[in-house]
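A look at the structure
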Amino acid sequence: MHKRNTYIHNMFVIWLVFLLLLVVVLFVGRNIVYSNKGKSLQILKEEAFETGRVPKDQAKTLVIYHDDRDSRRGAREILATLRQMKVVYDKVKTDELDPLIYDRYSRIVIAVTDHEWIDPFLAGLDAWVSGGGSLMFAFPPSTGGEEALLNLMGIEDLGDKEWALVRGFTCMGDFMPGGSRRLSISTPYESSLNVRLSASCTTYMVSTGKNEVPLVWRQPYGEGEVIVDNLGFMEKAYRGFHAAAYTLMGTYTIWPVINGSTFFIDDFPSPIPPGDSYQIKQDYGMDIKDFYTQVWWRDISNLAKKYNIPYTGLVIEVYSDQTSGALPRQTDVTRFEYFGNMLLDMGGELGYHGYNHMPLVLENFDYLGKYDSYRQWISIDEIRDSMKELTEFCHALFPDQTFKVYVPPSNIISDEGREVLANDFPEIQCIASLYLPDQNDVSYATEFEVTEDGIIQTPRIVSGYVLDDYMRAAAMSELYLHCVNTHFQHPDDVLDVDRGTNLGWQELYSRLENYVDWLYAALPQIRSMTGSELAGAVQRYSEVQVHRQKKGDTITLELGNFVDEAWFYLKLNEGKPETVEGGSLTRAADGLYLVQAESPRLKIHLGD
Ligand SMILES: [Zn+2]
């Protein structure tokens, strides 16, 4: 009896200890944030991609355009969008169009601004669509009110005013990742047809405001269908919206994407930046130096911990304007070590920004009067020396690091500057400049691609803390087109009136937090990456060749230049994916799936 009691007692103690341990484990586990970041993605040697070619897809898309200024501009954006999606297409001008060729294609995209150029082809297009073709109007043409065109487009009537002033827009339901956000247009103009649609149309995007105007819709037509993209903004920031309309065509579209998100911090670490500290004194009673350490970095690093963001910081050694002669070494390295090591400890990465903030340009470079304080370098040798000084300074401070990413100061660089980087600094494998071109500026805007000199371009789409609706639109657009997010901030954004200093740090920070929150809610499975990992992802995206086939319920992809992974978006307008051979997929939005290929042959079996 006594023995048995001891036994029960011992068992009780063991169970109690076990339960206590369980509580401890659960309590500790509660604070563990599970990272969606797997092992780091490396940049590969160019030879790695010489792994065999696949046959090119046959062109199944025909783009019809007219040779006037507006049509050309619109067509340029549509064609650029299709190229980014690696969709093989043919294009033809209206005056060279032979209606007998329609039957070679399953999709026809009309990029023509004036109905008069389409009218002669309407009857033929109508017959082709009725017989099963998929037709898209890439932007709204003036209609002239002819019934045949309105019928084909699914328009019941036009408003009293033919064109609508669109002040904002939003997606219906879950059409695009993060698309339910309502975005306003800062400089609205009469960009869209003012229409009432026939009952057979399904609408995917509408304008916001009192009179809701349909902006993207689809109408079944005979055996075929017509998609109308009534969002008239034909510029790079909106490519993803046009891509979303294009992917409503046919039963499916599959295209390669990057799947990566990177947050850059330019001028970090750097000396204390010059700038106006009045607002900071008023709000925090601190000088700039203390504000950066105690407030700015505290908030920015907490944000990174909350969302597992590995920041990429870009080093500036000194804030001088010296562009010739012997460049003195920075001697005050406390800030560099303090911030640099913290950033690295958080899983971040360091890259190069500049010895100073003078862009790598020579005297032949025209700043267009925009940068009065900037000077040009005296010669190519001086450019090279400045980079040499910066690389030596950085390696002395962080001997274990490789600095693969370069960000041009103020996003400005010349051909000569690029050549120096490509030829003399093999450590640099990636240039991260700007994505969106600014017509009135000298900034360097690029695509996501590997250029001929072997450098990988990972341009930044959005920036700063103000994050207005235009930037939000561009971010949403790119999350669809390339499955990518790239953002850069500067510590001194807080000090600059144009970048929102008057809003105060609290407001600026809450805007950034709101943006980050939107991003990871829109697409939780997007990979958080450092700048060089993103370069690795862009490299694979840029190199991969795709051959697509669909037989019965199976979509087969054969991939050329496949090394270890490739990512795709699959948009299905019919059916659902059931099983995948050679890869896996997750849902990203309505009918949209993020697909990972783990082998050069991928099969997706569809069901109802
Ligand atoms: Zn900078």
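Below, the discussion takes up the coordination of the zinc ion. Distances from the zinc ion to its protein donors, namely Asp267 (OD), His353 (NE2) and His357 (NE2), fall within the range 1.9 to 2.2 Å. Sequence positions of the donors to the zinc ion reduce to the motif D-x85-H-x3-H. Both residues of the pair, His353 and His357, belong to the buried class.

Let us look at the sheet that holds strand E12 (residues 252–257). One open sheet holds the four strands; their spatial order is E12-E24-E27-E26, and the pairing between them is antiparallel. The sheet is open, and its two edges are formed by E12 and strand E26 (583–589), each paired on a single side. The sheet shows a mean angle of 25 degrees between the axes of neighbouring strands, taken without regard to direction.

The subject of this paragraph is the state of the cysteines. What is meant by a disulfide is a covalent connection between two cysteines, made through their sulfur atoms. Applying the stated criterion across every chain yields a total of zero disulfides. Here Cys430 is not cross-linked by a disulfide; its sulfur's nearest cysteine counterpart is in Cys394, at 16 Å.

Below, the discussion takes up the packing of helix H8 (residues 288–307) against helix H13 (residues 505–522). Between H8 and H13, the shortest axis-to-axis distance is 11 Å and the interhelical angle comes to 15 degrees. Accordingly, the angle class assigned to the pair H8 and H13 is roughly parallel. Judged by the twist between their axes, the crossing of H8 over H13 is right-handed. Side by side, H8 and H13 meet where Phe291, Val295, Trp296, Asp299, Ile300, Leu303, Lys306 and Tyr307 of the first sit next to Trp505, Tyr509, Leu512, Glu513, Val516, Asp517 and Tyr520 of the second. Classifying every residue of the contact of H8 with H13 by side-chain character gives 11 nonpolar, no polar and four charged.

For the chain, the assigned domains read domain 1 (61–250) and domain 2 (264–463 + 489–513). A separation of 41 Å is found between the C-alpha centroids of domain 1 and domain 2. Contacts between the two partners involve four residues from domain 1 and, on the opposite side, six residues from domain 2. Both faces considered, domain 1 and domain 2 share a buried interface measuring about 420 Å² in area, 47% of it formed by carbon and sulfur atoms. For Arg239, the salt bridge identified is with Glu447, shortest N-O distance 3.2 Å. For the interface between domain 1 and domain 2, the tally reads three residue pairs in polar contact (both at pLDDT 80 or more). Split by residue class, the side of domain 1 that touches domain 2 holds one nonpolar, one polar and two charged.

A few words on the side chain of Thr323. Looking at the secondary structure, you find Thr323 in the loop between strand E14 (312–316) and helix H9 (334–345). Judged by its relative accessible area of 2%, Thr323 is buried. Within the structure, the side chain of Thr323 is placed 3.2 Å from the backbone oxygen of Gln376, a separation counted as a polar contact. The contacts of Thr323, once residues within four sequence positions are left out, are Met358, Arg375, Gln376, Trp377, Ile378 and Glu382.

A few words now on the pairing of E12. Of all six residues in E12, six are buried, a share of seventy percent or more. Here E12 shows two buried faces, one formed by Tyr252, Ile254 and Pro256 and the other by Thr253, Trp255 and Val257. Alignment of E12 against strand E24 (residues 566–572), held across six bridges, turns out to be antiparallel. Bridging across to E24, Trp255 finds its partner in Tyr569.

Okay, the nonpolar core next. Within the largest apolar cluster, 151 residues are counted, with the highest numbers of intra-cluster contacts made by Phe169, Met205, Trp296 and Trp505. Taken together, domain 1 (61–250) and domain 2 (264–463 + 489–513) each give at least three residues to this core, which thus spans both. Core analysis: the next-biggest nonpolar cluster, separate from the first, contains 32 residues, Ile118, Trp128, Val129 and Leu135 among them.

Scoring rules and cut-offs
Residues numbered from 1 in each chain as written. Predicted model: local features only at pLDDT ≥ 70, side-chain atom pairs only at ≥ 80, totals over all residues. Heavy atoms only, no water. Donors = N, O, S within 2.8 Å, 3.2 Å for Na, K, Ca; no water. Buried < 20%, exposed > 50% of the residue type's maximum accessible area, 1.4 Å probe, protein only. Pairing = 2+ DSSP bridges. Helix = DSSP H or I, 4+ residues; strand = E, 2+ residues; numbered from the N terminus. Axes fitted to C-alpha atoms, helices over the stretch in contact; angles between N-to-C directions. Disulfide = S-S within 2.5 Å. Parallel < 35°, antiparallel > 145°, perpendicular 65-115°, else oblique. Left-handed = near helix turned anticlockwise from the far one by under 90°. Contact = heavy atoms within 4.5 Å. Nonpolar A, V, L, I, M, F, W, Y, C, P; charged D, E, K, R; others polar. Domains from an automatic or database assignment. Buried area = accessible area lost by both parts, 1.4 Å probe. Salt bridge = Lys/Arg side-chain N within 4 Å of Asp/Glu carboxyl O. Polar contact = N/O pair within 3.5 Å; in protein donor to acceptor, adjacent residues only side chain to side chain. Core = buried A, V, L, I, M, F, W, Y, C linked by side-chain atoms within 4.5 Å.

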